Amino acid sequence: MSQVNEALEGLIQAIWEGEEYQRYQKIRAKVHEIPELEQRINAFRKKNYEVQNRTDECKLYDQVDGLEREGIEFRKDPLVNEYLSAELGICRLFQRINWELVRNIDFDLGFAIDH
């Protein structure tokens, strides 16, 4: 096995054993026990993804504002809030990993990245 593959397997193992992932899996299992809530969370996440990836800037402000208001109300449910917070923790972990790879590997991306 190559050194990169070994390091990758080690990273995956570290993520599995890490606090963020363990927290996410625990709350995900709780949410999964309530199918209606899980569907509502997934619908909210899908809407959030679609708003974030829209190219139509004319309605973007209104959509973001509406989604934010909906999210505030939706997050009043402690289980929803805990799930979305745990998910955000995993997303931030992945962002940090990606950022450190991009920042530290000399690869021409067509623009400068400060080291």
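Structural data are supplied above this passage.
What counts and how
Residues numbered from 1 in each chain as written. Predicted model: local features only at pLDDT ≥ 70, side-chain atom pairs only at ≥ 80, totals over all residues. Heavy atoms only, no water. Core = buried A, V, L, I, M, F, W, Y, C linked by side-chain atoms within 4.5 Å. Buried < 20%, exposed > 50% of the residue type's maximum accessible area, 1.4 Å probe, protein only. Helix = DSSP H or I, 4+ residues; strand = E, 2+ residues; numbered from the N terminus. Contact = heavy atoms within 4.5 Å. Expected span 1.5 Å × (residues − 1). Arc of directions from axis to C-beta. 1 Å grid on protein atoms, 1.4 Å probe; cavity = no way out; pocket = protein on both sides within 12 Å on 5 of 7 lines; lining within 4 Å. Points joined across faces, edges and corners; volume = space filled by probe spheres on them.

J.: Hey, could you go over the nonpolar core for me, with residue numbers and the actual values?
T.: If you look at the biggest cluster of nonpolar residues, it comprises 15 residues, and the most contacted ones within it are I41, V80, Y83 and L84. A per-element tally of this core places helix 5 (residues 78–104) first, with six residues. Sequence-distant contacts of L84, defined by excluding residues within four places in its chain, comprise I41, F44, R45 and R75.

J.: Give me helix 4 (residues 60–74): which residues, what numbers.
T.: An ideal rise of 1.5 Å per residue puts 21 Å on 15 residues; helix 4 measures up with 20 Å between its terminal C-alpha atoms. Those residues of helix 4 lying buried are L67, G71 and F74. One face of helix 4 carries all of its buried residues, which in axial projection span an arc of 65°. Those residues of helix 4 that are exposed and aimed more than 90 degrees away from the buried face are Y61, D62, E68, R69, I72 and E73. Those residues of helix 4 hidden inside the fold are in contact with helix 3 (35–52) and helix 5.

J.: Residue-level account of the layout of surface pockets, with values.
T.: For the largest pocket, the calculated volume is near 490 Å³. Taken together, 16 residues make up the lining of the largest pocket; nearest its centre are F44, N48, Q52, R75 and E87. Among the elements of the structure, helix 3, helix 4 and helix 5 are those that each provide at least two residues to the lining of the largest pocket.

These values are about where atoms sit, not about what they do.
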